[in-house]
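Examination of the molecular architecture
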Amino acid sequence: MRAVWRAYLELARVRFLAMLAYRVNYWSGVIIYTVNIGAYHFFWQAVYAGRQELGGLTAAQMTSYLAVAWMARAFYFNNLDREIAAEIRDGTVAVQLIRPYSYILCKLAGALGEGLFRLLFFALPGLALAWLVFPVRLPGDPAVWAPFTAALALSFGVNSLFNVITGLLAFFLLNNSGLMHAKRVAVDLLSGLYLPLGFYPEPVRTVLGWLPFQAIGYVPSLAFAGALRGEALARALLLQVCWIAVLGLLAALLWRLAGRRLVVQGG
Amino acid sequence: MTRPVIEARGLVKEFCKHRSRPGLAGALLDLLSRRMETVRAVDGIDLVVRPGEVVGYIGPNGAGKSTTIKMLTGILVPTSGTLRVNGMVPWRDRQRFCRTIGVVFGQRSQLWWDIAVRESFRLLQRIYRVAEEDYRRQVGMLAEVLELADLMDVPVRKLSLGQRMRCELAAALIHNPPLLFLDEPTIGLDVTVKLRIRQFLRELNARHGTTILLTTHDLGDIQALCQRAVIIDRGRIVYDGSLEALRQAVPGGRGRRSLEEVIQAVYQGALASGGPGGEGGVAGLSGAGAR
C-alpha cells in the first residue's frame, strides 16, 4: 500500500522539479500575483470611496481577504482540465494507459506538485511583496491557520476533481475548450475570488449553496477570516469532503465510460 | 508446446466516425444531424506469439497495425474477439498487465519532457515498484549497452531524436518485462543509431529471451531481427510466416531482387486471390511460423 502512494508522491515531486525548469516563469509568476492583489486593492479602494465598511468588512480587511484568496488560489488552481483535454486531443493519453497507475490519480499528483510550487514560489513571495506595499494584515493566531490549511487542502481536492471532469469531457466532445473557459470564469467568479460571496443577493447565495464553487475558494477564505468556528467550521469542511466524494465518483464514472470509446487520435 | 505469450482470436476493432458533408450547405446540415459511419480498422485477426519470438508486424499505412498494438497493450478495448496477453485480458486487468510489458512508440515520447533522464528513470522505478538492487543492475546494463552515460543528467527536451530513442528503449525496459512492443522504433533515425538499436534488441532477445513484437516500415529492421513476419492489410492478416517462405509464397517472388519488392507485391494483392499458400501459410493460419 505504501509503495503505491510512493509512486504518486514521486509524480508530484517530479512535477515540482519540472516547474523549476523555467526561471522566467517563476519571476513572472511572482509579479502576476502581486499585480493581481494590487489591482483588486485599488479597485476596492475606489468602491469603498472613504466608507468605513462594506458587507461587514473594512477596506483593510478587504485587501487582506483578496490577498489570502489569491494565495489560496495559487494552491488549488491548476490547468488539469486543459492538460487532460490536450492529452486526449493529441492522443498522448495512450502513453499514460500503458503505465500501471490510475490516470486520474497520476494527474492529481502532478497537480499537487504544481500547486505546492505555485504556493511556495509564486504566492508567498507575491504575498510578501504585497504586504510591503499594501495594508495586508495577516493574523498570527494558529487557531486561524490550522482550519485554513485544512480547508485549503480540501479546496484543492474539489477544484482538481472539477477540472478532471471538465477535461475528461474532451472524450465525448472532442473540442471542449469553450466549456473549459466558461468553467474557469465561473470558478473564479462564484468561488469568491473577486468578491466575497456574502456580497451576492440572497437568492444567488441560495443557488450557490447547492453548487461546488463555494467549497473551492470561499471556505478557506472564511476560515482565514476567522468566521468559521466550532460547528460551522466542521460543517464547512464536511461539505468540502462531500463534494470531493461526489466529484470523485463522477470522475471515475466518466473515465470508465471514456475507456470504451477511446479513439487514439493522430495514429 | 509452451503457452503462448499473445493469443488473439477473431480480434475486431471498429471505430465510429462522423462523416462531414462537403461545402457550406453540407456543414450547416451537419449541425442538425451528423452521419455516422463505422470503420473496421482491425477485421478478425488471429495471432499467436510464443515466448522468445521476435515478430515483425508489417503493413501499409492505415492497415490496422497501430490499432492492433493498442489492443494488445490494453489501450484500446476490442469490439469483439478474444485476447489474452501474458495470461491476462489486457484492457480488463490493465494496471496489473502493464507491469508485464514494455512499450515504445516511435512517434510519441514517454519520458517527462522537462526533467533529466535520470529522474525519469527514477520515477519509472517507483511506478513499477522495482527493487533498488534490480533497478541499479538494470539501469547499469541499459546505460552501458545503449551508451546513455552522458545523457543521464540532460533534460529530455534537449536530447536529439537518436539520443531520445535510446532513452525511450531503456525507459520501456526498466522493469525488465518479458514482452516488448515496439511501434516504429527506428522511425527517423540515422544508420548508426538504427544499427545500435537492432544490435541491442537482438542481444535482449538472446540473453533474456524477451519476446518482441515490432511494427516498422523499415524492412531492414525486419531482416535484421525477425524470424517471422506477419503482414496485415485492410485489417486482415494476409501473411504469417518466415521471410524465406514469403518469397516463395509470392508469385515470382524468388525472381524479385529485394524484400521491398516482395512486400510491395503483397500490398498490391499478390496473396489476396488465394495465390500459392506456400509453407508459410496465408491469412487465418496464425502461428504457422511459430516454432
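What you see is a predicted model, and the numbers here were worked out from it, not measured in a lab. (Residues numbered from 1 in each chain as written. Chains lettered and ligands numbered in written order. Predicted model: local features only at pLDDT ≥ 70, side-chain atom pairs only at ≥ 80, totals over all residues.)

**Notes on the overall build of chain B**
For clarity, the threshold we go by: Labels follow the DSSP assignment, with helices taken as runs of H or I lasting at least four residues and strands as runs of E lasting at least two, numbered in each case from the N terminus. We call two residues in contact when the distance between their C-beta atoms, placed using the backbone, is within 7 Å.
Counting its regular elements, chain B contains ten helices and nine strands. Expressed along its principal axes, the backbone C-alpha trace of chain B runs to roughly 55 × 55 × 35 Å. Contacts spanning at least 24 positions in sequence make up 73% of the contacts within chain B whose residues lie at least 6 apart.

**Notes on the overall build of chain A**
Quick reminder of the rule: In this description the radius of gyration comes from C-alpha coordinates, and the expected globular size is given by 2.2 Å times residues to the power 0.38. Any residue with 12 or fewer other C-beta atoms within 10 Å of its own C-beta is exposed, any with 20 or more is buried, and the rest are partly exposed; the C-beta atoms used are placed from the backbone.
Across its full length, chain A carries 13 helices and two strands. What you see for chain A is a C-alpha radius of gyration of 19 Å, in line with the 18 Å of a compact globule of 267 residues. With respect to the three principal axes, the spread of C-alpha positions in chain A is 65 × 45 × 40 Å. Residues counted as buried form 40% of the 267 residues belonging to chain A. Contacts spanning at least 24 positions in sequence make up 84% of the contacts within chain A whose residues lie at least 6 apart.

**Considerations on the interface of chain A and chain B**
Note the threshold: When residue character is reported, Ala, Val, Leu, Ile, Met, Phe, Trp, Tyr, Cys and Pro are called nonpolar, Asp, Glu, Lys and Arg charged, and the others, Gly included, polar.
Taken residue by residue, the interface counts 23 residues in chain A and 27 residues in chain B. Residue assignment for the side of chain A that touches chain B shows that the elements contributing at least two residues are α1 (2-20), α5 (93-97) and α13 (230-261) of chain A. Looking at the side of chain A that touches chain B, the element that brings in the most residues is α1 of chain A, giving eight residues. Here the side of chain A that touches chain B is composed, by residue class, of 16 nonpolar, three polar and four charged.

**A word on the packing of helix α6 (residues 103-133) of chain A against helix α7 (residues 142-168) of chain A**
All names here are of chain A. The test is simple: As a rule, the C-alpha atoms of each element are fitted with a line to give its axis, helices using only the stretch in contact, and angles between N-to-C directions run from 0 to 180 degrees. Working definition: roughly parallel below 35 degrees, roughly antiparallel above 145 degrees, roughly perpendicular at 65 to 115 degrees, and oblique for all remaining angles. Crossing chirality is assigned from the near helix's rotation relative to the far helix, an anticlockwise turn below a right angle marking it left-handed and a clockwise turn marking it right-handed.
Axis separation between α6 and α7 bottoms out at 11 Å; the angle between their running directions is 130°. Relative to α7, the element α6 is oriented oblique. Pair α6 / α7 crosses with right-handed handedness. In this structure, α6 uses I104, K107, L108, A111 and G115 to contact α7, whose residues at the interface are F156, S160 and V164.

**Focus on the sheet that holds strand β5 (residues 101-105) of chain B**
Residue and element names in this part refer to chain B. Selection rule: Criterion used throughout: strands pair if DSSP finds at least two bridges between them.
The strand order across the open sheet formed by six strands is β5-β6-β7-β3-β8-β9, and the pairing between neighbours is mixed. On the outer flanks of this sheet lie β5 and β9 (236-242), each paired with one strand and no other. For this sheet the average axis-to-axis angle between neighbouring strands, irrespective of direction, equals 15°. Across six bridges, strand β8 (residues 228-233) lies against β9 in antiparallel orientation. Note on β9: the bridge partner recorded for I231 is Y239.

**Re the packing of helix α3 (residues 59-76) of chain A against α7 of chain A**
Residue and element names in this part refer to chain A. Taken N-terminus to C-terminus, the directions of α3 and α7 make an angle of 55°; their axes are 9 Å apart at the nearest point. The angle between α3 and α7 places the two elements in the oblique class. When you trace α3 past α7, the crossing you get is right-handed. Residues A72, F75 and Y76 of α3 touch α7, and the partners they reach there are L152, S155, F156 and N159. Residue composition of the contact of α3 with α7, by class: five nonpolar, two polar and no charged.

**Remarks on the sheet that holds strand β1 (residues 6-19) of chain B**
Residue and element names in this part refer to chain B. Taken in spatial order, the three strands make up an open sheet running β2-β1-β4, and their pairing is antiparallel. Each having just a single partner strand, β2 (35-49) and β4 (80-85) make up the two edges of the open sheet. Pairs of neighbouring strands in the sheet enclose a mean axial angle of 30°, with direction left out of account. Across five bridges, the pairing between β1 and β4 is antiparallel.

**Topic: helix α7 (residues 191-208) of chain B**
Quick reminder of the rule: Expected helix span is taken as 1.5 Å per residue step, with the number of steps being one fewer than the number of residues.
With 18 residues, α7 of chain B should cover 26 Å at 1.5 Å per step; its first-to-last C-alpha distance of 25 Å lies within 8% of that length. Among the structural elements, α6 (161-172), β7 (211-215) and α8 (219-225) of chain B are those in contact with the buried residues of α7 of chain B.

**Observations regarding the nonpolar core**
Selection criterion: To form a nonpolar core, buried Ala, Val, Leu, Ile, Met, Phe, Trp, Tyr and Cys residues must be joined through C-beta atoms within 7 Å.
With 154 residues, the main nonpolar core has A67, W70, A74 and V158 of chain A together with I231 and V266 of chain B as its most contacted residues. The dominant element in this core, judged by the number of residues it contributes, is α3 of chain A, at twelve residues.

**Overview of unusual backbone geometry**
Excluding glycine, a negative phi dihedral is what most residues carry, and trans is how most peptide bonds are arranged. All names here are of chain B. For E147, which is not a glycine, the phi torsion comes out positive at approximately 55°. Summarising the element assignment, E147 is placed in the loop between α5 (132-145) and α6. Taking the number of C-beta atoms within 10 Å as the measure of exposure, E147 has 13 and is therefore partly exposed. Positive phi is not limited to glycine here, since R234 has a value of about 45°. With respect to the helices and strands, R234 occurs in the loop between β8 and β9.

**Some words on the environment of E53 of chain B**
All names here are of chain B. Here E53 shows up in the loop between β2 and β3 (54-58). On the basis of neighbour count, E53 is assigned to the buried category, with 22 C-beta atoms found within 10 Å. Distance from E53 to R228, taken between C-alpha atoms, is 7.9 Å for residues 175 residues apart in sequence.

**With respect to the confidence of the model for chain B**
All names here are of chain B. Put simply, the rule reads: What pLDDT reports is the predictor's confidence in each residue, on a scale of 0 through 100.
The pLDDT averaged across chain B works out to 86; a share of 91% of its residues lies at or above 70. Across residues 274-291, where pLDDT falls below 50, the model places 45 contacts with residues more than four positions away in sequence or in other chains. With pTM at 0.84, the complex prediction returns an ipTM value of 0.79.

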